[in-house]
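Here are the chains, one letter per residue:
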There are 2 protein chains.
Amino acid sequence: MKKFVYLFSEADGSDKNKFGGKGANLAEMTRIGLPVPQGFTVTTEACTQYYEDNRVMNDDLRAEILENIVKLEGVIGKKFGDSQNPLLVSIRSGARASMPGMMDTVLNLGLNDEVVKVIAEKSGNPRWAYDCYRRFIQMYSDVVKDTGKKVFEELIDEMKEKKGVQNDIDLEADDFKVLSEQFKAEYKSKVGADFPSDPREQLLDSVEAVFRSWNNDRAIYYRRMNDIPASWGTAVNVQLMVFGNMGDTSGTGVAFSRNPATGEKKLYGEYLINAQGEDVVAGIRTPENIDRLKEVMPEIYDEFVKNVNILENHYRDMQDMEFTIEDKKLYMLQTRNGKRTAAAALKIACDLVDEKMIDEKQAVAMIDPRLLDQLLHPQFDPNALATAKPVGRGLAASPGAACGQVVFTADDAAAWGKEGKDVILVRLETTPEDIEGMHRSKGILTVRGGMTSHAAVVARQMGTCCVCGCGDIKFNEQDKLFELGGNVYKEGDFISLNGSTGNIYGEKLPTVEATIGGGFKRIMDWSDNYRVLKVRANADSAADAKKAAEFGAQGIGLCRTEHMFFETDRIAAIREMICSDTVEQREKALAKIEPIQQKDFEELYEALEGWPVTIRYLDPPLHEFVPTDEKDIEKLANSMGKTVKDVKDIISSLHEFNPMMGHRGCRLAVTYPEIAVMQTRAVIKAAININKNRAADKQVVPEIMIPLTSEVKEFQFVKNIVVETAEKLIKDAGVELKYMVGTMIEIPRAALTADEIAKEAEFFSFGTNDLTQMTFGFSRDDAGKFLDAYYEKNVYESDPFARLDEKGVGKLVKTAVTLGREGRPDLKLGICGEHGGDPSSVTFCHNVGLDYVSCSPFRVPIARLAAAQAAINN
Amino acid sequence: MKKFVYLFSEADGSDKNKFGGKGANLAEMTRIGLPVPQGFTVTTEACTQYYEDNRVMNDDLRAEILENIVKLEGVIGKKFGDSQNPLLVSIRSGARASMPGMMDTVLNLGLNDEVVKVIAEKSGNPRWAYDCYRRFIQMYSDVVKDTGKKVFEELIDEMKEKKGVQNDIDLEADDFKVLSEQFKAEYKSKVGADFPSDPREQLLDSVEAVFRSWNNDRAIYYRRMNDIPASWGTAVNVQLMVFGNMGDTSGTGVAFSRNPATGEKKLYGEYLINAQGEDVVAGIRTPENIDRLKEVMPEIYDEFVKNVNILENHYRDMQDMEFTIEDKKLYMLQTRNGKRTAAAALKIACDLVDEKMIDEKQAVAMIDPRLLDQLLHPQFDPNALATAKPVGRGLAASPGAACGQVVFTADDAAAWGKEGKDVILVRLETTPEDIEGMHRSKGILTVRGGMTSHAAVVARQMGTCCVCGCGDIKFNEQDKLFELGGNVYKEGDFISLNGSTGNIYGEKLPTVEATIGGGFKRIMDWSDNYRVLKVRANADSAADAKKAAEFGAQGIGLCRTEHMFFETDRIAAIREMICSDTVEQREKALAKIEPIQQKDFEELYEALEGWPVTIRYLDPPLHEFVPTDEKDIEKLANSMGKTVKDVKDIISSLHEFNPMMGHRGCRLAVTYPEIAVMQTRAVIKAAININKNRAADKQVVPEIMIPLTSEVKEFQFVKNIVVETAEKLIKDAGVELKYMVGTMIEIPRAALTADEIAKEAEFFSFGTNDLTQMTFGFSRDDAGKFLDAYYEKNVYESDPFARLDEKGVGKLVKTAVTLGREGRPDLKLGICGEHGGDPSSVTFCHNVGLDYVSCSPFRVPIARLAAAQAAINN
């Protein structure tokens, strides 16, 4: 039979998968001789088994837990449920990855009416004994029987009122005794049975409750935010209770071996005298700084510092520890690698290297890449954020924090912005015409649209904070106001947006600018030494390209040419092209765009200095470019000698039922080859011009990328147009110019037929945004309506648009990599979807053998670090 | 070196793949001693090579052709280009499958100024000689140099006018001589070079032109309509010219060994005296019935009849033959299995069995399953159709022919229909509310919407003719008129629709009712003996189910419950459910629907008599059900005690960017489990009721199908709801009831993770409509905008929504079949997409090992026959 329960002295301190982080570290601290209250760990495997058995704890496990209680009695020399020498224990969760506060805990277990009486007498401290008892009843009721905490808090408040005192600490033994009785009565009325007096029943039900708490809403949410799979399960630690609430010679506290906010090498923590752990966290009493302990209990303090140093040296990382002093004796209750800010993470890693505690590789491996986002975007002042309440929530479309005055049109945003005001642009949805106003805004908030909506894509590109798709907003553009969370916000009102969480605040929250420092460069340089994957950026302009270079990109993996089309100086010609009736008219309009587009490319190539650049041809459906407002339609009609009705007819003929799956991508080039001809002319002529003055090793080699291929013949058709046009220009110019023609793999069929496509395409770039949409069969813009229900019901553990779905989408990517390399062994492979900047997806890309990832400039450092970690961990 | 050219006497008459149908049959006729003008065949492989070489005919092939001309000279005893004894040849295409009239032909090749003079003298028939010459110049110019025919026809007309005659046959030798000169001058002005006098140049260029014609627009279109792959290529036959235009002892004709319209066993054909083949087809002169030949040339007639019998006995099928009489000598120019109507096909197959020419298996194998459509739907009178010109064209959404008076609202359609009028309902698009009007209409025409639009799906189900998505229509509902092809059609005007071609006629075309007979039952019975695949029908009501039974379905593979929701007596409750704010409200609305839905199922089960039935749970996005017109919105608001604005807000909140990929399918059941609960209650309670009075072997076993699964946990979630609800009902009723829970596989990710899903699902049904959309990344409703360009440019050869794309979608189906059976060896597998009624897709389903196909009732016979052929051919 499989063993599911281990004494701390039996468990393997290096096996967090089995014993959870807390269990493993308790075993390890026991092994190295630190003063740990002993106990045993019920493994994560037992939790998994529990879920496999449809949430039933089987008899074997029950028996094994009870056997281990007997063993523990032997170790401690106390007896569970014994009235004379009772063993009391705590029951705590402990998953593989630390999930602080997400799951449940029961303290003081083993008490009942009889036991409490005895310990009250024996200890001579009845106040302590009955305080413990009422705490236990309270926690057990809440955790095991789901009664909630509120009713108990109310009873305490009534008691305090009756006694005319302010704080729990002013209540006396008898008060707690009365409360215990009241609590039990409350339990009985809620649960319909007496409060259990058998400690074994208490124990087994509590263990099961901790298992259950693995799937409570906040744990599910936390796992999703932190990429923790539901399959891991949690371990449960049953540990001898030690009491910080036995009087003034007792206490409890938490401490970090270094400052978790700054990384400074200095003990950082707090404690409370005469308290249990929960009191420190609850914030009812204000804890003391750990430095004070030096004065109050100097010996205990010294012993604690010694233990801290032992632990930091042992784990070679900053430790987050809980301790309890029971009547002048120090116990270490827990240690773990501490959570930290990005700045602290960088500083600690560099310091540890300098202190020779770890090497560079370990330094790179220890930093959570997702933290880096904090360094690159403004953040809210943490103090202000602590008390602020969001009034609503949308999609966290582009990270960072923004605070400013509400405006309702892009024109207003531009005007106010020029005046030096901080503005937040609030729109139903943004359109290409809004570009300048978006540039001038501190933040962008939209009512409609998903993570790949115009607002989201453009904001991420610019590094501007954006929250989108907040459907709860009642938007009234005419009166320049919107309603949210029961409040009305008018033009000029201040609001704040958190683009990293999607939260919207109806007030002014101060922001702090991002600062890159604290070893950022050292960590990045070390990362670059270890990684194999190249990191490129998605950038559509010379400005973006320069930003990408600052962040260490090694080229551009995706230049979306349509964003160039949206600029005001050319949108007129684009619209003319779209509304053309004949090829000739279309060519005439395209001829106006060509020199502008050529200049765009020249500027981009200039910024690149010989880096590779992948230029994607026109991708979005044409209706995205047409004017929506009456005046613009009239202007367009006039300029083309058409009636307004003609233009409107054309616009309405562009309507699509499912634009995502409509007339876009290379389909445009198949129906209107002249568009591909124009784009090729611009790409190639720009390259010829720039290369003239460039050294041989800095020559531009444009990588022309055909989007949305689903069939090799379709790719071939467009490629033929490109090659024919390019070759003629090169020949006419009498120069040599290398260029490549490749494709996005973003449609399932392209992945499935990648062998054929690779025979024609020189490179693949996985467009995992669209590939995810098609593979799952849902549109990113619409999925918001049901994805929350999917998370709640545990159907999805993470957002497939943020983290690449390895099981489905990943299978297609692997298929395409394998087939693609069959078709062309030297096929260049990259990814340019949003996943290119997601650490776990970067790991996948490394493992599957891609050559590079490409992501938005602001995520380049994250990708560099994640790529290094993937290489190191492999 | 590979041999590309074979004399008829060398070629293998059984190898149509290599020699094409015509070439193989010419070789075969040569072998069995029929009077065939000799020649040689350039193989289909040469054509394929030509396209692989980027449309260049290589020197080796050129040389090989010219060598074979020398061999042919030896066989015939004439010399190519020789002025005294010239060899003249015809150049004809001949693909693997017969494609009559789709590719090009050049006759009389080998003529030039010198040769024509000699044969004019030698034959004593200068009229004939110059007629041949001008024909040659004309055909060569058109076929090889793409000059078009028109200018030549005009010159002939001028000549006739000048001479004051009506017919070509009244022109004289000198006239043709003049015309030849004019034609050559025309050639020179168009082509910019003299007309080639070298027969070798003429020959090689003509062969290449025939290769080229493999990819002309009409050939591409024909291939697409007939499932012929572009990779096959065409062979080219170079054959000694024999002349039917040498005077009254000469002639030419075509004949069928049996009547191709009725199948009657009687020679059927026409001929013309003193003519070349093209004249018979051109229709300038009215040909004589073949029976007349018996009187005019009795010996020739007898010889011909003898040959016909030899050929029919040899090929054991009805033959379509061309013959020429050159100065009293009969030549057989070609034979092939003749095209025929459905009725003829059935009769001929049965007759041949009765005549012991073939066995039953061969009879089943010889009928094109697509023909059966003709038998089941009304058709236009072929005579009327021959001269009618369509005024526009839409998607051929539901087959058949319809003629009636235009109405613009479903209410009018219902009212006029009740009065006994034939009406055609013309709508922008249809909605669920139009259902009664649609039922009352002879045909349905919509401006918007694709092959899976509401109109299309409902019409196919009802067997009503439907043309949809005709975007050229300018629709004016208010004034009750529409414009198309420059004409205005008002309410009450007659139009006609061909649902099999998509053609729209602005006039009254008489239709003829379908008649099932002529061996239909015999062929179907024989088919059922051979097929392995079961055939089910897609049917949503008892009426549909009965229709399906008539056509031989073995169960229902897809009952779409949402169609039940659209009926007028329940749509109000559906809308109430959609506009509910709370679960309780929703449950209240659902409670109104439950008994109605239960009754639907009871009626369906009654109709089934123990057949299997697959019931798909609610699939479409909810916005499809909400009212669109102001009055209905107000009604809804009143009934729910909401304001009109509230209801409008709810409706607008249901808007989706890409409804195809939105909140639908099982996603509805995840967010609103109460819908699945209600549907389960209806399905199970109905089954319990019906089974009470049923024998043990006729018990209903409902197959509950969860749509749109993309992840096993999602399926699991909904399945748990179903099972929990069902088990409780069964337990409460104290009965035993079997039921199954399975899923559609219609999303790529479901196919990719089919092993996991099969562990939970008891059956899979491939929803290849959606699977095709997701795999290709285009929406069926939008693809119309670019698919034509794709066909024209040869990117796609067939409509992937009509014929299953084996390379991409098929790969996913295969993957799902393999993985699915890994997960559950006894997994039941079927298909319920439109492909279930497409013969080539049925073959795929057979080969991939599905258990059944399910298609609309009217396609059941097609599927039965196709399934039998798949089994026979395997």
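Above this note sits the structure.
Residues numbered from 1 in each chain as written. Chains lettered and ligands numbered in written order. Predicted model: local features only at pLDDT ≥ 70, side-chain atom pairs only at ≥ 80, totals over all residues. Heavy atoms only, no water.

J.: What am I meant to see in the overall build of chain A here?
T.: Scanning chain A from terminus to terminus reveals 36 helices and 31 strands. Relative to the 2.2 N^0.38 estimate, which gives 29 Å for 874 residues, the radius of gyration of chain A is 32 Å and therefore close to what a compact globule would have. With the C-alpha coordinates aligned to their principal axes, the bounding extent of chain A is approximately 100 × 60 × 50 Å. Scored against the burial criterion, the 874 residues of chain A give a buried share of 60%. The centroid of the 109 positive side-chain charges in chain A is displaced by 2 Å from the centroid of its 135 negative side-chain charges. (Helix = DSSP H or I, 4+ residues; strand = E, 2+ residues; numbered from the N terminus. Rg over C-alpha atoms; globule rule 2.2 N^0.38 Å. Buried < 20%, exposed > 50% of the residue type's maximum accessible area, 1.4 Å probe, protein only. Lys, Arg positive; Asp, Glu negative; His and termini not counted. Charge placed at Lys NZ, Arg CZ, Asp CG, Glu CD.)

J.: Can you walk me through the relation of the copies chain B and chain A in this structure?
T.: Between the two chain copies there is a screw-like relation: a rotation about an axis and a shift along it. In screw terms, the move from chain B to chain A is a rotation of 180° and a rise of 0.2 Å along the axis, fitting with an RMSD of 0.3 Å. Overall, the copies show the geometry of a two-fold rotation axis. Ranked by how close their C-alpha atoms come to the rotation axis, the residues of chain B are headed by Asn-658 of chain B, at 2.1 Å. A share of 100% of the interface residues of chain B reappears at the interface of chain A, consistent with the copies meeting face to face through the same patch. (Least-squares fit on C-alpha atoms with pLDDT ≥ 70 in both. Contact = heavy atoms within 4.5 Å.)

J.: Just to check I follow, could you spell out the environment of Arg-393 of chain B for this structure?
T.: All names here are of chain B. Residue position: Arg-393 is located in strand β12 (residues 392-393). The partly exposed category is assigned to Arg-393, whose relative accessible area is 43%. Not counting the four nearest positions on each side in its chain, Arg-393 is found in contact with Tyr-221, Cys-470, Thr-501, Gly-502, Asn-503 and Ile-504. Separated by 3.4 Å, the side chain of Arg-393 and the backbone oxygen of Thr-501 make a polar contact. (Polar contact = N/O pair within 3.5 Å; in protein donor to acceptor, adjacent residues only side chain to side chain.)

J.: Could you clarify how one ought to interpret the sheet that holds strand β18 (residues 474-476) of chain A in this entry?
T.: Two orientations exist for strands paired in a sheet by backbone hydrogen bonds: parallel and antiparallel. All names here are of chain A. Taken in spatial order, the 3 strands make up an open sheet running β18-β19-β20, and their pairing is antiparallel. The strands lining the two open edges of the sheet, one partner per strand, are β18 and β20 (487-490). Ignoring which end each strand starts from, the neighbouring axes of this sheet average 15° apart. (Pairing = 2+ DSSP bridges. Axes fitted to C-alpha atoms, helices over the stretch in contact; angles between N-to-C directions.)

J.: Help me understand the packing of helix α5 (residues 126-145) of chain B against helix α7 (residues 173-191) of chain B, please; the structure alone is not making it clear to me.
T.: Relative orientation and spacing of two packed helices are given, respectively, by the angle between their axes and the distance between those axes. All names here are of chain B. Contact geometry of α5 with α7 gives a least axis separation of 8 Å together with a crossing angle of 20°. With respect to α7, the axis of α5 lies roughly parallel. In the crossing of α5 with α7, the sense of the turn from one axis to the other is left-handed. Contacts between α5 and α7 involve Pro-126, Arg-127, Tyr-130, Asp-131, Tyr-133, Arg-134, Ile-137, Gln-138, Tyr-140, Ser-141 and Lys-145 from the first element and Ala-173, Phe-176, Lys-177, Ser-180, Phe-183, Lys-184, Tyr-187 and Val-191 from the second. (Parallel < 35°, antiparallel > 145°, perpendicular 65-115°, else oblique. Left-handed = near helix turned anticlockwise from the far one by under 90°.)

J.: Got a minute to help me understand the packing of aromatic side chains in this structure?
T.: Counted by the stated rule, this structure contains 54 aromatic pairs over all chains. Centre to centre, the rings of Phe-776 of chain A and Phe-778 of chain A are 5.2 Å apart; their planes meet at 35°, and the pair counts as tilted. Assessed through its relative accessible area of 1%, Phe-778 of chain A is described here as buried. Members of the aromatic cluster, each reached through a chain of ring pairs, are Phe-776, Phe-778, Phe-786, Tyr-790, Tyr-796 and Phe-801 of chain A. Lying over the aromatic face of Tyr-852 of chain A, Arg-536 of chain A brings its terminal NZ or CZ to 4.1 Å of the ring centre. One residue, Lys-3 of chain B, lies across the ring of Tyr-6 of chain B, its end atom 4.8 Å from the ring centre. (Phe/Tyr/Trp six-rings, centres within 6.5 Å; stacked < 30°, edge-to-face > 60°. Lys NZ or Arg CZ within 6 Å of the ring centre and 35° of its normal.)

J.: Can you walk me through the interface of chain B and chain A in this structure?
T.: Accessible area lost upon the coming together of the parts is a frequently used measure of interface size. Tallying the contact residues gives 54 residues for chain B and 54 residues for chain A. Of the roughly 4,800 Å² buried between chain B and chain A on both sides combined, carbon and sulfur atoms contribute 57%. On inspection of chain B and its partner chain A, the count reaches 6 salt bridges. Taking the shortest distance from any N to any O, the salt bridge between Lys-807 of chain B and Glu-756 of chain A comes out at 3.0 Å. At the junction of chain B and chain A, the tally comes to 36 residue pairs in polar contact (both at pLDDT 80 or more). Elements with a contribution of two residues or more to the side of chain B that touches chain A: α27 (666-671), α29 (712-733), α30 (748-752), α32 (768-776), α33 (780-792) and α34 (809-823) of chain B. Counting residues per element, the side of chain B that touches chain A draws most heavily on α33 of chain B, which supplies 6 residues. Tallied by class, the residues present in the side of chain B that touches chain A amount to 22 nonpolar, 15 polar and 17 charged. (Buried area = accessible area lost by both parts, 1.4 Å probe. Salt bridge = Lys/Arg side-chain N within 4 Å of Asp/Glu carboxyl O. Nonpolar A, V, L, I, M, F, W, Y, C, P; charged D, E, K, R; others polar.)

J.: Looking at this structure, how should I read the sheet that holds strand β18 (residues 474-476) of chain B?
T.: Residue and element names in this part refer to chain B. If you walk across this open sheet you meet the 3 strands as β18-β19-β20, and the pairing is antiparallel. Sheet topology places β18 and β20 (487-490) at the edges, where each strand pairs with a single neighbour. Here the strands of the sheet are splayed against their neighbours by 15° on average, with no regard to which way each runs. Both β18 and strand β19 (residues 481-484) contribute to a ladder of 3 bridges, which runs antiparallel. Among the inter-strand pairings, Phe-475 is bridged to a residue of β19, identified as Phe-482.

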